[in-house]
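Structure at a glance
The primary structure of each chain is shown beneath.
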Amino acid sequence: MSLLNVENLKMHFPVRGGILMRALKTCKAVDGVSISVSQGETLGLVGESGCGKTTLGKAIVRLYQPTDGKLQFEGQDITHSSQRALRPIRRDIQMIFQDPAESLNPRLTVRDILEEPFLVQKQGTTAERRQWVGELLDKVGLASTAADRFPFEFSGGQRQRIGIARAIALKPKLIVCDEPVSALDVSVQSQVLNLMLDLQREMGLSYLFIAHGLSVVKHMSDRVAVMYLGKIVELAPSEELYHNPRHAYTKALLDAIPVPDPSKRRARRLLSGDVPSPIDPPKGCAFGHRMKHPKWEQSVGMELKLEEISPGHWVQKCPCCVD
Amino acid sequence: MSAPENILEVKDLVTVFDTDAGRVTAVDGVRFEVKRGKTLGLVGESGCGKSVTAFSINRLLPQPHGKIAGGSISFEGRNLAELSVEELRKFRGREISMIFQEPMTALNPVQTVGKQLAEAILLHQKSSSREILQRSIELLTKVRIPSPEVRLQEYPHQLSGGMRQRVMIAMALVHKPKLLIADEPTTALDVTVQAQILDLINSLQTEMGMSVLLITHDLGVIAETCDEVVVMYAGRVVERAPVAEIFSSPRHAYTQGLLQSIPKIESVPKSRLKAIPGSVPPIETLLPGCRFAERSGRPHLPEHLNQRPPFIEISPQHWVEQCPVCVA
Ligand SMILES: Nc1ncnc2c1ncn2[C@@H]1O[C@H](COP(=O)(O)OP(=O)(O)OP(=O)(O)O)[C@@H](O)[C@H]1O
Ligand SMILES: Nc1ncnc2c1ncn2[C@@H]1O[C@H](COP(=O)(O)OP(=O)(O)OP(=O)(O)O)[C@@H](O)[C@H]1O
Ligand code: SF4
Ligand SMILES: [Mg+2]
Ligand SMILES: [Mg+2]
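Read on for an overview of the structure. Source: prediction; values computed, not measured.

1. Some remarks on the overall build of chain B
A count of helical and extended segments in chain B gives 13 helices and twelve strands. For chain B, the C-alpha radius of gyration of 21 Å lies close to 20 Å, the compact-globule estimate for 328 residues. Dimensions along the principal axes, computed over C-alpha positions, put chain B at roughly 70 × 50 × 40 Å. As displayed, chain B has an accessible area near 14,200 Å², and 55% of this comes from carbon and sulfur atoms. Counting 36 positive and 36 negative side-chain charges, chain B places the centres of these two groups 2 Å from one another.

Have a look at this one:
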């Protein structure tokens, strides 16, 4: 059984306007996503800026009340659970935020930041909590003297480690990692990624790993889901997805990765235009107007669904692109 | 006496900041040249002095505490340090243009895109409002912004991140500069928008013969776009070579570590990545000798730490800071 099960999840935001600030339209940031994560597994989530990755992550940790669909954690339906009912579950599901600077309160010392989860869960004595903070810092490779300093006194990579330490404090089962390394340079990035792999092995953690860097996602994930305009268009085991991409959008994304090898410079086939707006999503295949496939209009009016085309390889099968 | 094939020559540049805690040297004797029509990549760990080098060239150091304390920067044979404020104004945008790390620092949030483009155009060129409109549309089209007429009416916050970046690039290119300094132009962008922007810079370069100084921490971007690469570490250049050579035969231990840290698309999922242990030493504690010693994992003698290693050309076009331990 999977640890996390997400079924047809939708997260729509009202778009307000006019003098009365009435909801005029809806922004369909996440629009019918189904994914699952097993124990000890890493599911990667990739997609262009604005496609709904962060929104999906926040809905999963229930920072948002999903508009529709179902969220199950260890078999328990948590879609509509109250904040109180969620408290024990918050221990098991944590999130590492896109911007460490934003998610760490600058007025608190590292010790305060790391003690907070224990206080919320009413765990331990003062002495015990002190010891736990020391252990956490050690685990993420920071000196114990870091406890009495403030977040701004650290470099980006060190701040990201503080965020990780906070996320693992309560020994969670699942961590939603939102772009945990995008802001870091390669050498710091690989330190943080190794740390995450070690923690997974040691603690049997599961990750939902969100990123726009495809080589990083491939490196970290067992399976990868590709998101486009609020929907998953392809999902497959990492190696399979990278060697045998089937959806036109996945192919375009893979094609855009710069390769760190000057002898393999190639003329890239470029995707043009931006992700269409989730407020007025195009009818039919939302990728159609960008790829200008001669037959994309055939997809207008069709319901595009994920289909399993080989074991574990799911793709949104549309009339013109998936052969 | 600068070589005519070089548009920019930076010689032994030293840039310092006077802070509350005393003087810190952010750039410590950096030298490189940008060749005409070519792209030079500048890489190195966060905080190693890449942006400060760019600001020094463009004379945009924060005043009064940032200043150039040594060396020279010459552009087409002219010493930039000697330009008057008036000359500098004429210089910027037309001779050298800069794309900043953060688009929002260069764009005015309370002015429309059209207004800002108009200002950039008028800076060096008298034009009627019809000419301005025409030219603005042409520029936005060039940076591949769809429906440019609509976008001109909009404010920066109404554009997506990738579009803002492209507006800034359009502004930097208004007057067809001879040298473009691009500081992390694509780091905040996802791969698809990144590819569009790099492709655009590339095609403008071919079209207008522009030279580019590209600062980035993405080695994939370096591999795909640069002719030559300068690797900085803790305020200094540790290695410099043509792009193919940097990737095929890096000589300095830091460059080697950097290249090994890249997660490769063909690597085994969930295997441990090679990482350089530790972090860059704090700027106040830098030693005169080899600054990578502590992280290299190779034992250094006191003499290696106390004496600056010479910067030598070990093979044609390939320069390295020759610490005898780090360059084995
Ligand atoms: N709280 C909110 N209210 C209204 N709209 C929102 C809200 N949060 C996100 N959106 C919209 O939902 C869409 C998806 O945003 P989201 O932040 O999930 O994208 P993302 O995939 O994480 O992008 P990035 O890679 O840039 O972080 C965007 O159009 C955004 O404007
Ligand atoms: N205004 C300033 N006052 C004092 N020190 C400064 C100032 N600006 C930069 N520095 C210092 O100069 C050094 C080099 O900074 P710089 O911004 O050039 O780094 P960078 O290589 O561009 O890094 P990044 O990749 O993070 O952009 C850093 O140690 C920084 O702390
Ligand atoms: S359905 Fe047609 S338009 Fe859409 S991605 Fe496939 S080929 Fe392209
Ligand atoms: Mg996001
Ligand atoms: Mg910088």
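That shown, we press on.
2. Observations regarding the interface of chain B and chain A
Taken together, the contact pairs 52 residues of chain B with 48 residues of chain A. Of all residues in chain B, the largest losses of buried area upon contact with chain A belong to B:E224, B:I265 and B:K270, amounting jointly to 22% of the total for that side. Run the count over chain B and chain A and you get two salt bridges. Among the ionic pairs, B:K270 bridges to A:D222, the shortest N-O distance being 2.8 Å. Elements that contribute at least two residues to the side of chain B that touches chain A include exactly α7 (161-173), α8 (191-208), α9 (219-225) and α10 (243-248) of chain B. Element by element, the count of residues in the side of chain B that touches chain A is highest for α8(B), at eight residues.

3. Describing the environment of B:E102
In this structure, B:E102 sits in the loop between β6 (96-99) and α3 (103-106). Measuring from C-alpha to C-alpha, the distance between B:E102 and B:E184 comes to 8.4 Å, with 82 residues separating the pair along the chain.

Calculation criteria
- Residues numbered from 1 in each chain as written.
- Chains lettered and ligands numbered in written order.
- Predicted model: local features only at pLDDT ≥ 70, side-chain atom pairs only at ≥ 80, totals over all residues.
- Heavy atoms only, no water.
- Helix = DSSP H or I, 4+ residues; strand = E, 2+ residues; numbered from the N terminus.
- Rg over C-alpha atoms; globule rule 2.2 N^0.38 Å.
- Areas by Shrake-Rupley, 256 points an atom, 1.4 Å probe, with all protein chains shown as cover.
- Lys, Arg positive; Asp, Glu negative; His and termini not counted.
- Charge placed at Lys NZ, Arg CZ, Asp CG, Glu CD.
- Contact = heavy atoms within 4.5 Å.
- Buried area = accessible area lost by both parts, 1.4 Å probe.
- Salt bridge = Lys/Arg side-chain N within 4 Å of Asp/Glu carboxyl O.

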